Amino acid sequence: MTTAADIIDFWFHELQPQQWWLKDEKLDHMISQRFLPCLQQASQCELFGWRNSAQGRLAEIIVLDQFSRNIYRDKPQAFASDPLALALAQEAVALGYDLELNPTQRSFLYLPYMHSESAAIHKTAVTLYQAPGLEDNYAFELKHKAIIDRFGRYPHRNKILGRQSTAAEIEFLAQPGSSF
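How each quantity is defined
Residues numbered from 1 in each chain as written. Predicted model: local features only at pLDDT ≥ 70, side-chain atom pairs only at ≥ 80, totals over all residues. Heavy atoms only, no water. Helix = DSSP H or I, 4+ residues; strand = E, 2+ residues; numbered from the N terminus. Buried < 20%, exposed > 50% of the residue type's maximum accessible area, 1.4 Å probe, protein only. Contact = heavy atoms within 4.5 Å. Areas by Shrake-Rupley, 256 points an atom, 1.4 Å probe, with all protein chains shown as cover. Lys, Arg positive; Asp, Glu negative; His and termini not counted. Charge placed at Lys NZ, Arg CZ, Asp CG, Glu CD. Axes fitted to C-alpha atoms, helices over the stretch in contact; angles between N-to-C directions. Left-handed = near helix turned anticlockwise from the far one by under 90°. Nonpolar A, V, L, I, M, F, W, Y, C, P; charged D, E, K, R; others polar. Salt bridge = Lys/Arg side-chain N within 4 Å of Asp/Glu carboxyl O. Phe/Tyr/Trp six-rings, centres within 6.5 Å; stacked < 30°, edge-to-face > 60°. Expected span 1.5 Å × (residues − 1). Bend = angle between axes of the 7 residues up to and from the residue. Polar contact = N/O pair within 3.5 Å; in protein donor to acceptor, adjacent residues only side chain to side chain. Parallel < 35°, antiparallel > 145°, perpendicular 65-115°, else oblique.

(A) Layout of the overall build of the protein chain. Along its length, the protein chain carries nine helices and zero strands. Beginning at the N terminus, the succession of helices and strands in the protein chain can be written as α-α-α-α-α-α-α-α-α. Principal-axis analysis of the C-alpha atoms places the extent of the protein chain at approximately 45 × 35 × 30 Å. Relative to its 180 residues, the protein chain shows a buried fraction of 46%. For the protein chain, the share of sequence-separated contacts (at least 6 apart) that also reach a separation of at least 24 residues comes to 59%. In the structure as shown, the protein chain presents an accessible area of about 9300 Å², 54% of it carried by carbon and sulfur atoms. Where the 17 positive side-chain charges of the protein chain centre and where its 21 negative ones centre are 6 Å apart.

So this is what it looks like as structure tokens:
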């Protein structure tokens, strides 16, 4: 059985930081082979025992928020665990667990806020990402917030989620640098 420490070690020590953001079929396949059962457990709230520490909470959020995007890339299931990941992140912040993490780890604890399609959640995200050491993440959050403020959702997800794009969204997506 996969442990929270296994997730933390894999994400922050086995992978190179540039791998966190690349679309890489080999990496997606490897994460699926190693961690799909863990994602399934997390999606069913079966990893609740991990929630008693900052590192455990972070591990569960990485599984739900990041591994889901690797395992289910370009499929609706990639976003299915976002509400649960956000709820866990909100609880972690309320408990002060985020303050026990280094800036890189904290940025991943906060990612469910950035991935949210709620303008209210992005107001909180802007505040969270203003913490020292998160300057690059803060700039990225502002870009995400601007998209939510403009469209109320991420147009990048429309095709995957079967949503009809508006003319303004289609125009936006055609612009260089509009994709993440």
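(B) A look at the environment of Gln44. Looking at the secondary structure, you find Gln44 in the loop between helix 2 (25-43) and helix 3 (54-71). Classification of Gln44 by relative accessible area gives exposed; the value is 57%. Sequence-wise, Gln44 and Leu84 are 40 residues apart; in three dimensions their C-alpha atoms are separated by 9.8 Å.

(C) Quick look at the packing of helix 1 (residues 4-14) against helix 5 (residues 103-115). Look at helix 1 against helix 5: their axes get within 12 Å of each other, and the N-to-C directions meet at 115°. You can see that helix 1 and helix 5 cross each other, and the crossing is right-handed. Here Ile8, Trp11 and Phe12 of helix 1 lie close against helix 5, whose contacting residues are Thr104, Gln105 and Phe108. Taken together, the residues of the contact of helix 1 with helix 5 break down into four nonpolar, two polar and no charged.

(D) Structural detail: the pattern of salt bridges. Tallied over the entire structure, the rule returns 10 salt bridges. Linked through salt bridges whose partners overlap, the residues forming this network are Asp65, Arg69, Asp82 and Arg157.

(E) Focus on the packing of aromatic side chains. Under the counting rule described, the total for this entry stands at 14 aromatic pairs. Clustering of aromatic rings is evident, with ring pairs tying together Phe10, Trp11, Phe12, Trp20, Trp21, Phe35, Phe67 and Phe108.

(F) Spatial organisation of helix 5. With 13 residues, helix 5 should cover 18 Å at 1.5 Å per step; its first-to-last C-alpha distance of 18 Å lies within 8% of that length. Residue Leu109 marks the point of greatest curvature in helix 5, where the axis turns by about 35°; the proline Pro112 follows within four residues. Counting buried positions over the 13 residues of helix 5 gives 11, a clear majority of the element. Within helix 5 the residues assigned to the buried category are Gln105, Arg106, Ser107, Phe108, Leu109, Tyr110, Leu111, Pro112, Tyr113, Met114 and His115. Looking at the buried positions of helix 5, the neighbouring elements they touch are helix 1, helix 3, helix 4 (82-95), helix 6 (119-128) and helix 7 (135-151). Looking at where helix 5 begins, the residue whose side-chain oxygen comes 3.0 Å from the main-chain nitrogen of Thr104 is Asn102.

(G) Looking closely at the packing of helix 6 against helix 7. Close contact between helix 6 and helix 7 brings their axes to 10 Å; oriented N to C, the two are set at 160°. Between helix 6 and helix 7, the angle is such that the two are roughly antiparallel. The handedness of the crossing between helix 6 and helix 7 comes out as left-handed. Contacts between helix 6 and helix 7 involve Ala119, His122, Lys123, Ala125 and Val126 from the former and Tyr138, Glu141, Leu142, His144, Lys145, Ile148 and Asp149 from the latter.

(H) Summary view of helix 3. Taking 1.5 Å per residue, 18 residues should reach 26 Å; helix 3 reaches 24 Å between its end C-alpha atoms and fits that length. Of all the bends found along helix 3, the most pronounced is centred on Val63 and spans about 30°. With 17 of 18 residues buried, helix 3 is to be regarded as a mostly interior element.

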